[in-house]
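Take a look at the letters that make up each chain.
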Amino acid sequence: MKLFAFALRPFDELGYLEELSRELGFEFGWTAEYPTLENAHLASGADMLSIITNPMTPELLDRYHELGVRAIATRSIGYDHIDVEYARALGMRIAHAAYPPEGVADYTIMLMLMALRRAKLVFRQAAAQDFGLEGKLGRSLASCTVGVVGTGAIGSRVIRELAGFGCRILACDPYPRDDVRNLAEYVELEELLASADIVTLHAPGLPENRHMIGAAELAGMKTGAILVNAARGMLVDTAALVDAIESGHLGGAALDTIEHESNLYYRDASREVLPNRDRAVLMALPNVIVSPHMAFYTAEDVEHMVRSTTEALLAFSRGEDTPYEVRKG
């Protein structure tokens, strides 16, 4: 197998990929550049491609197919940035990453605590030497009812961690888990939204889940409640969220992911005018935390992302199956 990696970070991912190449015996080339039609030629001679969360359009897929690429793996759990059906029509196999749930779960708890303790406002005012207490009164997590939407690997881990804080936990998922029932009460989404002081989203980024939290759902949340999203930006209707916060109905939000963030993160854009007005509006609100989609970013998770996708590409090169293959678009 000859692998080429785009958007590979030299300060973390490269070291893991070098170790794997020695361990598993394959050659690879790489660039820190994101894939484009202009630099597609860098993958010449490679039959496998490793990417990150950058759009894989039909035009790019056609170009890579012409160069002899027969499989692509994205070093992320989500794969909605890849036109999977078009890739399949070309005969390309697609894989995504897997990693332990603890990293995202830990980050989710951190976002909850930061929102409850008004950390954004506290630190912003402290930087201006405003050390007053007015407007900064926080709340204990133990006093809250927390609603967890989606109880897969990450959502169920969040519930296990929340149990240690002593808060009441509600859960919503079309496929309830017996191990979660011991820690949380499964309810319908409407009841969860109406009862929870904090709502945290851990549902997959499937087409049917787009805007699962829209204007009606936000209106159904408790006054003063906090919305946390460390899953997929498309789960939340951003315009409706801004309206709910500006009206005072919601108490705030803590977001690691927002709509329309493809090609926005994991690079230095400090000197650019970013084409993302939603992010600018959310960042301006004192009770909204926006982090750059990095809940996954722990040493353990990055190593697993590189390993799982590389192992998937090796399996593809041998004509074998892998649990990391994307089975549907």
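The structure we're discussing is the one just above.
Residue numbers here run from 1 along each chain, matching the order of that chain's written sequence. The predicted nature of this model means local features are confined to residues of pLDDT at least 70 and side-chain atom pairs, given and counted, to a pLDDT of 80 or more, with totals for whole chains, interfaces and linings taken over all residues. Only hydrogens and water are set aside; all other atoms, that is, all heavy atoms of the structure, feed into the side-chain values.

Draft legend 1. How the structure looks around the sheet that holds strand E2 (residues 27–30). One bridge is not enough; two strands pair if DSSP finds at least two bridges between them. The way it works is that DSSP assigns letters per residue, a run of H or I at least four long becomes a helix, a run of E at least two long becomes a strand, and they are numbered from the N terminus. If you walk across this open sheet you meet the 5 strands as E2-E1-E3-E4-E5, and the pairing is parallel. Two strands in the sheet have a free side with no partner beyond their single neighbour: E2 and strand E5 (93–96). Across the sheet, the mean angle from the axis of one strand to that of its neighbour is 20 degrees, orientation sign disregarded. In terms of strand pairing, strand E1 (residues 2–5) meets strand E3 (residues 48–51) through 3 bridges, oriented parallel. Bridge pairing in E3 places Phe 4 opposite Leu 49. On top of the sheet, helix H1 (residues 13–24) reaches E1 and E2; it is set at about 160 degrees to E2, its chief contact. Axis definition: a line fitted to C-alpha atoms, over the contacting stretch in the case of helices. Angles run 0 to 180 degrees between N-to-C directions. Residue contacts are defined here by distance: any two heavy atoms, one from each residue, within 4.5 Å place the two residues in contact.

Draft legend 2. Region of the structure containing the sheet that holds strand E6 (residues 145–149). Taken in spatial order, the 7 strands of this open sheet run E8-E7-E6-E9-E10-E11-E12, and their pairing is parallel. For this open sheet the edge positions go to strand E8 (185–186) and strand E12 (288–290), each flanked by a neighbour on one side alone. Both E6 and strand E9 (residues 198–201) contribute to a ladder of 4 bridges, which runs parallel. Residue pairing for E9: Gly 147 is matched across the bridge by Val 199. Against the sheet, helix H4 (residues 102–116) makes contact with E6, E9, strand E10 (226–229), strand E11 (252–255) and E12, and its axis sits at roughly 155 degrees relative to E10, the strand it touches most. The strands touched by helix H10 (residues 238–246) within the sheet are E10, E11 and E12, with E11 carrying the most contacts at an inclination of about 145 degrees.

Draft legend 3. The packing of aromatic side chains, seen in detail. Put simply, two rings from Phe, Tyr or Trp (the six-membered ring, in Trp's case) pair if the centres are within 6.5 Å, and we call them stacked under 30 degrees between planes, edge-to-face over 60, tilted for the rest. For the structure on display, the rule yields 6 aromatic pairs. Where Phe 4 meets Phe 6, the ring centres are 4.9 Å apart and the plane angle is 65 degrees; that geometry is what we call edge-to-face. Taken as a pair, Phe 4 and Phe 6 share a single burial class, namely buried. Aromatic rings pair up to connect Tyr 265, Tyr 266, Phe 296 and Tyr 297 into one cluster. Throughout this description, buried means an accessible area under 20% of the type-specific maximum (1.4 Å probe, protein chains only), exposed means over 50%, and partly exposed covers the range between.

Draft legend 4. Expanded view of the pairing of E11. Of the two faces of E11, the one lined by Gly 252 and Ala 254 and the one lined by Ala 253 and Leu 255 are each fully buried. In this structure, E10 lies alongside E11, joined through 4 bridges in parallel fashion. In the sheet register, Leu 227 faces E11, and the bridge partner there is Ala 253. Crossover E10 to E11 through H10 is right-handed. Orienting the strands away from the viewer, one traces the path from the first strand over the helix to the second; a clockwise path indicates a right-handed crossover.

Draft legend 5. Representation of the layout of surface pockets in the model. Grid spacing is 1 Å over the protein atoms alone, the probe is 1.4 Å, and a cavity is where that probe fits but cannot get out, while a pocket is an open set with protein on both sides within 12 Å along at least five of seven lines and lining residues have an atom within 4 Å of a point. Grid points are joined across faces, edges and corners, and a volume is the space filled by probe spheres set on the points. If you add up the space inside the second largest pocket, you get close to 350 Å³. Forming the walls of the second largest pocket are 24 residues, and the residues nearest its centre are Ala 115, Leu 116, Arg 118, Ile 226 and Gly 251. Among the elements of the structure, H4, helix H5 (119–127), E11 and E12 are those that each provide at least two residues to the lining of the second largest pocket. Tallied by class, residues from the lining of the second largest pocket come to 12 nonpolar, 7 polar and 5 charged. By the convention adopted, Pro, Cys, Tyr, Trp, Phe, Met, Ile, Leu, Val and Ala count as nonpolar, Lys, Arg, Asp and Glu as charged, and the other residues, Gly among them, as polar.

Draft legend 6. Highlighting the nonpolar core. Judged by nonpolar contacts, the single largest core of 35 residues is most densely connected at Val 199, Leu 218, Leu 227 and Leu 241. Broken down by secondary-structure element, the contributors of at least two residues to this core are strand E7 (168–172), helix H8 (189–195), E9, H10, E11 and E12. For this core, the element with the most residues is H10, which contributes 5 residues. As used in this record, nonpolar core signifies buried Ala, Val, Leu, Ile, Met, Phe, Trp, Tyr and Cys residues forming a set joined through side-chain atoms within 4.5 Å. Tyr 107, Cys 144, Ile 169 and Val 228 belong to the second-largest nonpolar core, a separate cluster that totals 34 residues.

Draft legend 7. Structural view of H4. When the terminal C-alpha atoms of H4 are compared, their 21 Å separation across 15 residues agrees well with the 21 Å that a helix rising 1.5 Å per residue should span. Of the residues making up H4, those classed as buried are Gly 103, Val 104, Ala 105, Tyr 107, Thr 108, Ile 109, Leu 111, Met 112, Ala 115 and Leu 116. Here the expected length of a helix is defined as 1.5 Å per residue gap, with one fewer gap than residues.

Draft legend 8. View of the pairing of strand E4 (residues 71–74). Of the two faces of E4, the one lined by Ala 71 and Ala 73 and the one lined by Ile 72 and Thr 74 are each fully buried. As judged from the 4 bridges shared by E3 and E4, these two strands associate in the parallel manner. Residue Ser 50 lies in a different strand from E4, and its bridge partner there is Ala 73. Following the backbone out of E3, through helix H2 (residues 58–67) and into the adjacent parallel E4, one traces a crossover that is right-handed. Pairing of E4 with E5 involves 4 bridges; the strand directions are parallel. Looking across to E5, one finds that Thr 74 is bridged to His 96.

Draft legend 9. The arrangement of the pattern of salt bridges in detail. For this document, the term salt bridge refers to a Lys or Arg side-chain nitrogen within 4 Å of an Asp or Glu carboxyl oxygen. Going through the model one piece at a time under the given rule, you end up with 22 salt bridges. Between Arg 9 and Asp 12 there is a salt bridge whose closest N-O contact spans 3.0 Å. Where Asp 178 meets Arg 181, a salt bridge forms, and the shortest distance between an N and an O atom there is 3.6 Å. Of this pair, Asp 178 and Arg 181 both sit in helix H7 (residues 178–181), separated by 3 residues, roughly a single helical turn.

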